[in-house]
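This is what each chain is made of:
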Amino acid sequence: MKKPTSAYVHIPFCTQICYYCDFSKVFIQNQPVDDYLRALVREFKSYDIHQLRTLYMGGGTPTAITAEQLDYVLTELTKELDISMLEEFTIEANPGDLDADKIAVLKNSAVNRVSLGVQTFNNKHLKRIGRSHNERQIYESIDSLKAAGFDNISIDLIYALPGQTMADVKENVAKALALDIPHLSLYSLILEHHTVFMNKMRRGKLNLPTEDLEAEMFDYIIAELKAAGFEHYEIANFAKLDPKRDFKSQHNLVYWDNAEYFGVGAGASGYLEGVRYRNRGPIQHYLKSVAEGNARLSEEVLTKNEMMEEEFFLGLRKKSGISISRFETKFGVTLEQQYGQVVRDLLAEELIQIEGDQLRMTQKGLFLGDTVAERFILEEDDE
Ligand code: SF4
C-alpha cells in the first residue's frame, strides 16, 4: 500500500492555558520536555518516513520549547527526509514566544510556513480568553518573521468572543488585513467541555454574542476578506488569490480530502491503512508506551459507511465541496442510491447546491457547518 505523504507532529506544551482550549496540552513548567522530544523523534522514525509532501507541527505550542529543543526536533524530523519533496512544512507559533533565537532556528530549518495564534488584536479580550501575548507582540512577531524571509504566514483569529461587538470584529479584520499576509483562519468560539469558559457558562457568567450577531459577524468576515482578494476555500479558512502561488494550507487540505496521514506525539491522531488511531496522552503515558514500542491508545478500522460519512463530513468543509464522480468511483455506489433523499432535502432547504460535478454547501450551509454535514451520517453501519 502507498504510504501517506503527510504527517502531523504534536508538541503538547504551552506557556499558558487558554480558557477556551480543549486540545491535548499541558503547562510546560516542570515537564520532561527533552524526554518527550526524544520519544517523539523515536515514534516518527518508527514509521520509516522518507518522503513527505506536507509536514505540520502543531500543539500545544511548538514555540513554547527552547530554541535548542526546537532545533533538535526540527533537525531530527527532517534528517531522513527527501527535502526536495517537502512542499509545505508548517509550524504553529504564539506571538509572545518568537524571540530572535527561535526565529533563527526556524530560518535554518525546513519550515516554510508559520501559523500564528493571534486570536484577537484587542488586549482586553486577549486577557479575557487567557492569552499571555499582547497586540504589540503580534506585530513584532510578524515583522521578525517577514524580516527572516518567511512569506507564507497565516494567523488564527477567533470571533464571537465573550463581550465582543461587531465593531470589535471589524477592527480585528482590518488589523489582520493590514498585516499583508497570505492566509487567515477565522473560527467562531466553540464552548468545549472541561474548559474555564464552559464552567463560566454554566454559572451564567459568560456574555456570548447571540447567534444572530455571530451570523452577522461570519457574513461580514466573508464579504470583507473576499473584497480584499482572499478566497474563502474552507469554512474557516481564507487564502490570498495569487496567480503564481497557491496559499491554501496544503496540509489541512489532506484532512478535508479525507486522505491518510501519519499522526505522531502524545494524544495525536492519525489515519493509516484505513485505520483511524489515537496516541496515548498525557506525557508520562506516552513516554512509557513509546518505550514499549507502541504509542497507540486506540485504533478504529472504518467501515465503508463510516468512510462515506467522513468523506462528506470533511469534504463539505471545503468551498469546492465534494466531487460526485470521485465519491461514486471511490465507493462503488451512486450518490442517489446512498444519499438521494438527504441531498433532495438539503437542496430544498438551500443548504447545499450542485454545480456540475461538485456538491457544495451554500453560504447559509457553511454557517451551520457540521449541522449540515451531520445529515450525511448513516443510521446503520454495514458491520
Ligand atoms: S489554545 Fe493553544 S496556546 Fe492556548 S492552551 Fe490551547 S494549545 Fe495552548
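Please read these numbers as outputs of a predicted model, since none were measured by experiment.

### Considering the packing of aromatic side chains
1) Next: Scanning the model with the defined rule gives 15 aromatic pairs in all.
2) Next: A centroid spacing of 5.2 Å and a plane angle of 55 degrees characterise the contact between tyrosine 47 and phenylalanine 262, whose relative ring orientation is tilted. Pair noted here: tyrosine 47 is in the loop between α1 (33-46) and β4 (54-59) and phenylalanine 262 is in strand β11 (residues 262-264), with a separation of 215 residues, a long-range link. The same class applies to tyrosine 47 as to phenylalanine 262, namely buried.
3) Next: Taken together, the ring pairs connect Phe312, Phe327, Phe331, Tyr339 and Phe376 into an aromatic cluster.
4) Next: The ring of tyrosine 271 is capped by arginine 276, whose NZ or CZ atom sits 3.8 Å from the centre of that ring.
5) Next: The ring of tyrosine 277 carries arginine 296 above its face, with NZ or CZ at 3.7 Å from the centroid.

### Re the side chain of arginine 360
1) Next: One can find arginine 360 in strand β17 (residues 358-361).
2) Next: In this structure the side chain of arginine 360 is engaged in a polar contact, spanning 3.1 Å, whose partner is the backbone oxygen of lysine 319.

### Some points on the site of the ligand
1) Next: All residues adjacent to the ligand are Cys14, Gln16, Ile17, Cys18, Tyr20, Cys21, Phe23, Lys25, Gly60, Thr61, Asn94 and Arg131.
2) Next: By residue class, the composition of the shell around the ligand is six nonpolar, four polar and two charged.

### Describing the domain arrangement of the protein chain
1) Next: Partitioning the protein chain into structural domains gives domain 1 (6-255) and domain 2 (321-376).
2) Next: Summarising the inter-unit geometry, the C-alpha centres of domain 1 and domain 2 are found 30 Å apart.
3) Next: Contacts between the two partners involve nine residues from domain 1, matched on the other side by five residues from domain 2.
4) Next: Approximately 570 Å² of surface area, both sides summed, lies buried where domain 1 meets domain 2, with 73% of it carried by carbon and sulfur atoms.
5) Next: Run the count over domain 1 and domain 2 and you get zero salt bridges.
6) Next: For the pair domain 1 and domain 2, the interface holds one residue pair in polar contact (both at pLDDT 80 or more).

### Some details on the sheet that holds β4
1) Next: Read from one edge of the open sheet, nine strands run β9-β10-β8-β7-β6-β5-β4-β1-β11, paired in mixed fashion. Of all the strands in the sheet, just β9 (230-234) and β11 have a single pairing partner and so form its edges. Taking each pair of neighbouring strands and ignoring which way they run, the sheet shows an average axis angle of 20 degrees.

### Observations regarding empty space enclosed by the protein
1) Next: This model, assessed by the stated rule, comprises three cavities of 30 Å³ or more.
2) Next: Taken as a whole, the largest cavity holds about 50 Å³ of empty space.
3) Next: Lining the largest cavity are Phe44, Lys45, Ile49, Glu76, Leu77, Glu80 and Leu81.
4) Next: Every element with two or more residues in the lining of the largest cavity is listed here: α1 and α2 (67-78).
5) Next: Here the lining of the largest cavity is built from residues that sort into four nonpolar, no polar and three charged.
6) Next: In this structure, the second largest cavity occupies an estimated 40 Å³ of space.

### Comments concerning the nonpolar core
1) Next: If you look at the biggest cluster of nonpolar residues, it comprises 95 residues, and the most contacted ones within it are Ile155 and Tyr286.
2) Next: Per element, the largest residue contribution to this core is seven residues, and it comes from α1.
3) Next: Counting residues domain by domain, this core receives three or more from each of domain 1 (6-255) and domain 2 (321-376).
4) Next: When near neighbours in sequence (up to four residues on either side) are disregarded, isoleucine 155 contacts Leu116, Val118, Phe121, Ile142, Ala176, Leu179, Ile181, His183, Leu184 and Ser185.
5) Next: Counting nine residues, the second-largest nonpolar core is a separate cluster that includes Tyr20, Cys21, Ile129 and Leu189.

### Brief notes about the sheet that holds β17
1) Next: Strand order in the open sheet made by the three strands is β15-β17-β16, with antiparallel pairing throughout. In the strand order of this sheet, the two ends are held by β15 (322-323) and β16 (352-355), each with one partner.
2) Next: Its contacts with the sheet put helix α13 (residues 335-348) on β16 and β17, and the angle it makes with β16 is roughly 120 degrees.

About the criteria used
- Residues numbered from 1 in each chain as written.
- Predicted model: local features only at pLDDT ≥ 70, side-chain atom pairs only at ≥ 80, totals over all residues.
- Heavy atoms only, no water.
- Phe/Tyr/Trp six-rings, centres within 6.5 Å; stacked < 30°, edge-to-face > 60°.
- Helix = DSSP H or I, 4+ residues; strand = E, 2+ residues; numbered from the N terminus.
- Buried < 20%, exposed > 50% of the residue type's maximum accessible area, 1.4 Å probe, protein only.
- Lys NZ or Arg CZ within 6 Å of the ring centre and 35° of its normal.
- Polar contact = N/O pair within 3.5 Å; in protein donor to acceptor, adjacent residues only side chain to side chain.
- Near = heavy atom within 4 Å.
- Nonpolar A, V, L, I, M, F, W, Y, C, P; charged D, E, K, R; others polar.
- Domains from an automatic or database assignment.
- Contact = heavy atoms within 4.5 Å.
- Buried area = accessible area lost by both parts, 1.4 Å probe.
- Salt bridge = Lys/Arg side-chain N within 4 Å of Asp/Glu carboxyl O.
- Pairing = 2+ DSSP bridges.
- Axes fitted to C-alpha atoms, helices over the stretch in contact; angles between N-to-C directions.
- 1 Å grid on protein atoms, 1.4 Å probe; cavity = no way out; pocket = protein on both sides within 12 Å on 5 of 7 lines; lining within 4 Å.
- Points joined across faces, edges and corners; volume = space filled by probe spheres on them.
- Core = buried A, V, L, I, M, F, W, Y, C linked by side-chain atoms within 4.5 Å.

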